[in-house]
Amino acid sequence: MKLHNTLTGTIDELTTLEPGKVKIYTCGLTVYSQPQIGNWTGYIYWDVLVRALKAEGYEVERTQNITDVGHLVSDDDSGEDKMEKGARAEGLTAWDVAKKYATIADHEAYELLGLIRPDHLVAATSCIHKQIEFAKTLDEKGYLYRTDDGMYFDTSKLDDYGRLAKLDIEGLDAGARVEMAGKKNPTDFAVWKFSPHDQKRDMEWESPWDVGFPGWHLECSVIARETLGDQIDIHTGGIDHIPVHHTNEIAQTETVTGVLFSAFWLHNNFLKIDGKKISKSLGNIYTLQDILDRGFSMDDFKLMTLSKHYRTEGNFTWDILEASHNRLQHWREVAVLRWQLDNSFEQTQPGSTQSALEMVASFRQQLLDDVANDLDTPLALTHVDAAISSIQAQPIERIHPTTLDALFATIDDLLGLRILASTNDIDGTVRDIITERQAARDQKDWAKSDELRDQLAEQGIGVRDTATGSFWYYL
């Protein structure tokens, strides 16, 4: 497998700390509000990454955090904690807000989108004492200093600070404001924030320095280390995390451990709406529920997401989603043919089963090669299109039942789609209507045929009439 490594700036072949095993850390959602569709695109890509690694025979151990405290409004440690701000807006406590949106996010990720659940899903608030211990180690090593509002990491003590983002530290220093709220350097970041003395926060804890709460970056370093160890193989997240969050994770983790934190850093690009940044002020925020309310499926959205490469900027419009819906619908129409094929085919065609299995094995390897080449999902989808077109080009009596089952199982397995699960066989009542309609057509009773077609449509079933017979599909 080859992946674009932000750390090196090149596409590198994956090598792991332990042969045959991959340790992955993924930055999770901040659960202070309803997730919007742009929040989910990265997780769809990382889901394919996990699937591809497993298909290549790796044992995958993956951790994802839940940010339920400490994520400030801006990356420079100014502003309000988003949890506290969200709590006031809803008239709830920060704890209640965190529980509410963590539950929603869990449902959307693993029930609606059908993503593979990480081995370790850890809330920041569940390991505060471990975060304090980690920060104490930084302090004892001499990397923290105190300001009026917290304990800050002195980035000037690291020779290679900012190497992930290729930061121009001298340029930042030259352009820095004179007033930096007590910070020594523009890139210094809060490891522990103090609670205001005149205000009690919903989320605050005693610490060796003062009552307060962890800085945003601390949780990821601690959760990764506690669940996966001092070193991991792959760290994933959005490109917005590169210059600050991930840069600071590296700084504090490697200061504590003394070893390379992660060999690979993978970052997904943004999703825009109608070519514009997703923003409340623009009123262009859509949720997964909005997609469902428009009659689309979650797999329509996943297919739309995978139609662009994870490192390129995406764009959402309802027309683009409609195109993905139509593409998936075409695949599903072919998938249901597996219920309508003559199962005697393999008995009447010697060697046909072996040929079908060889074709599917070749197809599976092609898809695996695509996703193993820096998660090239757009190319993988074109190969799916080609395979399906090849099947459709055959006379129906020449399509092998084994081919369809194995083909779509491969697609579902590697791309996380649920084509087989969404294309079950019809029940006996519907099948009787189809048989009755065919009899009406044989008798040239077109009025009866049309009436029965309408009955099928009411049950979500369409019928396509061809020279070799009539075939049903899900509308």
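Just above sits the structure.
Position numbers for residues count from 1 along each chain, tracking the sequence in the order it is written. This being a predicted model, a pLDDT of at least 70 is required before a residue's local features are given, and a value of 80 or more before pairs of side-chain atoms are given or counted; all residues contribute to the totals for chains, interfaces and linings. Processing note: side-chain calculations cover all non-hydrogen atoms of the structure and skip hydrogens and water entirely.

Trainee: Explain the sheet that holds strand β9 (residues 212–214) to me, please; I cannot follow it from the model alone.
Mentor: Two strands in a sheet stick together by hydrogen bonds in their backbones, pointing the same way (parallel) or opposite ways (antiparallel). A sheet is described by the order of its strands in space; here 4 strands give the open sequence β6-β7-β8-β9, paired in antiparallel fashion. Pairing within the sheet leaves two strands with one partner each, and these edge strands are β6 (144–146) and β9. Ignoring strand direction, the axes of neighbouring strands in this sheet form an average angle of 25°. Between any two strands, pairing holds if DSSP finds at least two bridges. For helices the rule is a DSSP run of H or I covering at least 4 residues; for strands it is a run of E covering at least 2, with both sets numbered from the N terminus onward. As judged from the 3 bridges shared by β6 and strand β7 (residues 150–153), these two strands associate in the antiparallel manner. Looking at β7, one finds that R146 is bridged to M151. Axis definition: a line fit to C-alpha positions, over the contact stretch in the case of helices; interaxial angles, taken between N-to-C directions, run 0 to 180 degrees.

Trainee: Would you explain a negative patch on the surface in this entry?
Mentor: Residues enter patches when their relative accessible area tops 30% and they take part in no salt bridge; the joining distance is 9 Å for like charges and 5 Å for the nonpolar side chains Val, Leu, Ile, Met, Phe, Trp and Tyr. Only the protein chains shown count as covering a residue, and every accessible area follows the Shrake-Rupley method with a 1.4 Å probe. Salt bridges are counted wherever a side-chain nitrogen of Lys or Arg sits within 4 Å of a carboxyl oxygen of Asp or Glu. His is not counted, nor are the chain ends; Lys and Arg add positive charge and Asp and Glu add negative charge. A charged residue contributes its charge at one atom only: NZ of Lys, CZ of Arg, CG of Asp or CD of Glu. A cluster of acidic residues, D445, D450, E451, D454 and E458, forms a negative patch on the protein surface. By the secondary structure assignment, E451 is in helix α16 (residues 446–458).

Trainee: How should I be thinking about the packing of aromatic side chains in this particular structure?
Mentor: Two numbers describe a pair of aromatic rings. These are the distance of the centres and the angle of the planes. Centres within 6.5 Å make a pair out of two Phe, Tyr or Trp rings, where for Trp the six-membered ring is used; the pair is then stacked when the planes are under 30 degrees apart, edge-to-face when over 60, and tilted otherwise. As enumerated under the stated definition, the model contains 14 aromatic pairs in all. Judged by centre distance (6.2 Å) and plane angle (70°), the ring pair of W95 and W205 falls under edge-to-face. Here the residue W95 occupies a position in helix α3 (residues 94–112), and W205 occupies one in the loop between β8 (189–194) and β9, the gap between them amounting to 110 residues. Of the residues examined, W95 reaches a relative accessible area of 40% and is grouped as partly exposed. Of the residues examined, W205 reaches a relative accessible area of 18% and is grouped as buried. Both rings, one in W192 and one in W209, keep their centres 6.2 Å apart while their planes meet at 45°; by these two values the pair is tilted. One end of the pair, W192, is in strand β8; the other, W209, is in the loop between β8 and β9, with 17 residues separating them in the sequence. An aromatic cluster is present here, built from Y286, F296, F316 and W318 joined pairwise through their rings. Put simply, a charge is over a ring when the Lys NZ or the Arg CZ is close to the ring centre, within 6 Å, and near the line of the ring normal, within 35 degrees. Taking the ring centre of F213 as reference, the NZ or CZ of R201 above it sits at 3.5 Å. Burial classification: accessible surface area is computed with a 1.4 Å probe over protein chains only, and a residue below 20% of its type maximum counts as buried, one above 50% as exposed, and the rest as partly exposed.

These figures capture arrangement, not role.
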